[in-house]
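This is what each chain is made of:
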Amino acid sequence: MIYSTEVQNMCPVAKGAYHGPAPIPEEGKWVQAKEIKDISGLTHGVGWCAPQQGACKLTLNVKDGIIEEALVETLGCSGMTHSAAMASEILIGKTLLEALNTDLVCDAINTAMRELFLQIVYGRTQTAFSEGGLPIGASLEDLGKGLRSQVGTMFGTKAKGPRYLEMAEGYVTRIALNKDDEIIGYEFVNLGKMMDAIKKGTDANEALEKAKGCYGQFEGAAKYVDPRHE
């Protein structure tokens, strides 16, 4: 330790009482976090790249400062999906501080990591007041039975109006219109259910029909439109 001449010439003054850092809520406990190993919690965060061409939703489950579980979901950029594949390997097993200072391949994932770090170390996690936190694997609950991200994809033009392409329920196959050409419902395919059925040996066309569903006033509509081709 090197001290400047000015500091060396100062007379010592005793430091007052030390009460430690303010406690933060972690998995149902109040913790005075002094080291990375004092941090636990599950939380989500969103990041974006500089050109804002794509985004990442990152979910981490941290136990005693170690990332035990990571869910990386990306949107809007094809290259980002490959970055997510690498990040899913890179993140697990690292300390929170290591992960913050690691290149997670894509800036959107790096930014999401930064946002999560801020939430976690300030005690703003989803499990702040949940005793014991959540088990490893809890992030998969956000994906549902088909283990697919919740994605909404819509397109619209002034000339031709809106098109529903994908909803949380699945891939939209037809939109239903009333007599005034307003959308009143849609038909969808749950791709997770369809693929599970095909893997079990069901004929693809039969699996497709069984995985279909509809929403709204779909039955008896004045007109049906394929949102991708009409």
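Everything that follows concerns the structure shown earlier in this document.
Let me sum up the structure you'll find in this document.

### A few points about the packing of aromatic side chains
One pass over the full model with this rule turns up 5 aromatic pairs. Ring centres 6.1 Å apart and planes at 70 degrees place the aromatic pair Trp-30 and Phe-129 in the edge-to-face group. Of this pair, Trp-30 sits in strand S2 (residues 29-31) while Phe-129 is found in the loop between helix H4 (107-121) and strand S6 (153-157), placing the two residues 99 residues apart along the sequence. Looking at Trp-30, the relative accessible area reads 59%, which means it is exposed. Consider the rings of Tyr-186 and Phe-188, whose centres lie 6.4 Å apart with planes at 55 degrees: the pair is tilted.

### Comments concerning the pattern of salt bridges
Tallied over the entire structure, the rule returns 12 salt bridges. Lys-57 is paired through a salt bridge with Asp-142; the nearest N and O atoms lie 3.5 Å apart. Placement of Lys-57 in strand S4 (residues 55-63) and of Asp-142 in the loop between H4 and S6 is noted, with a sequence separation of 85 residues between them. Its relative accessible area of 31% is what places Asp-142 among the partly exposed residues. Two residues, Lys-210 and Glu-206, come together in a salt bridge whose shortest N-O distance is 3.0 Å. In this pair, Lys-210 and Glu-206 both sit in helix H6 (residues 204-210), 4 residues apart, roughly one turn of the helix. One salt-bridge network, in which partners are shared between bridges, spans Lys-57, Glu-73 and Asp-142.

### Some thoughts on the pairing of strand S8 (residues 170-177)
Successive residues of a regular strand alternate their side chains across the two faces of the sheet. Along S8, 6 of the 8 residues are buried, which leaves the element largely enclosed by surrounding structure. Relative to S8, strand S7 (residues 161-167) is paired through 2 bridges, and the arrangement is antiparallel. Looking at the pairing, Met-167 lines up with Gly-170 of S8. As judged from the 6 bridges shared by S8 and strand S9 (residues 183-189), these two strands associate in the antiparallel manner. Bridge assignment links Ala-176 to a residue of S9, and that residue is Gly-185. Turn length for the S8-S9 hairpin, with the two strands adjacent in sequence and antiparallel, is 5 residues, and the turn residue Asp-181 shows positive phi of about 65 degrees. Pairing of S8 with strand S11 (residues 223-225), which is carried by 3 bridges, proceeds in the antiparallel orientation.

### Focus: the sheet that holds strand S3 (residues 41-48)
Pairing is antiparallel across the open sheet formed by 3 strands, whose spatial order is S3-S4-S5. The open sheet has two free edges, formed respectively by S3 and strand S5 (66-75), since each of these has just one partner strand. Averaged over all neighbouring strand pairs, the angle between strand axes comes to 15 degrees, with direction disregarded. Bridging between S3 and S4 involves 8 bridges; their strand directions are antiparallel.

Here is what the cut-offs are and how they apply
All residue numbers refer to positions counted from 1 along the written sequence of the respective chain. Confidence filtering applies because this is a predicted model: local features only for residues at pLDDT of at least 70, side-chain atom pairs given and counted only at 80 or more, and all residues used for totals across whole chains, interfaces and linings. Just so you know, side-chain values use all the structure's heavy atoms and leave hydrogens and water out. Side-chain rings of Phe, Tyr and Trp (the six-membered ring for Trp) are treated as a pair once their centres are within 6.5 Å; stacked means planes under 30 degrees apart, edge-to-face means over 60, and tilted covers the remaining angles. What counts as a helix is a DSSP run of H or I of at least four residues, what counts as a strand is a run of E of at least two, and both are numbered from the N terminus. Only protein chains enter the calculation, and the probe is 1.4 Å; a residue is then buried if its accessible area is under 20% of its type maximum, exposed if over 50%, and partly exposed in between. By convention in these notes, a salt bridge is any Lys or Arg side-chain nitrogen within 4 Å of a carboxyl oxygen on Asp or Glu. At least two DSSP bridges between two strands are required for those strands to pair. Throughout, an axis means a line fitted to C-alpha atoms (over the contacting stretch in the case of helices), and angles, computed between N-to-C directions, take values from 0 to 180 degrees.

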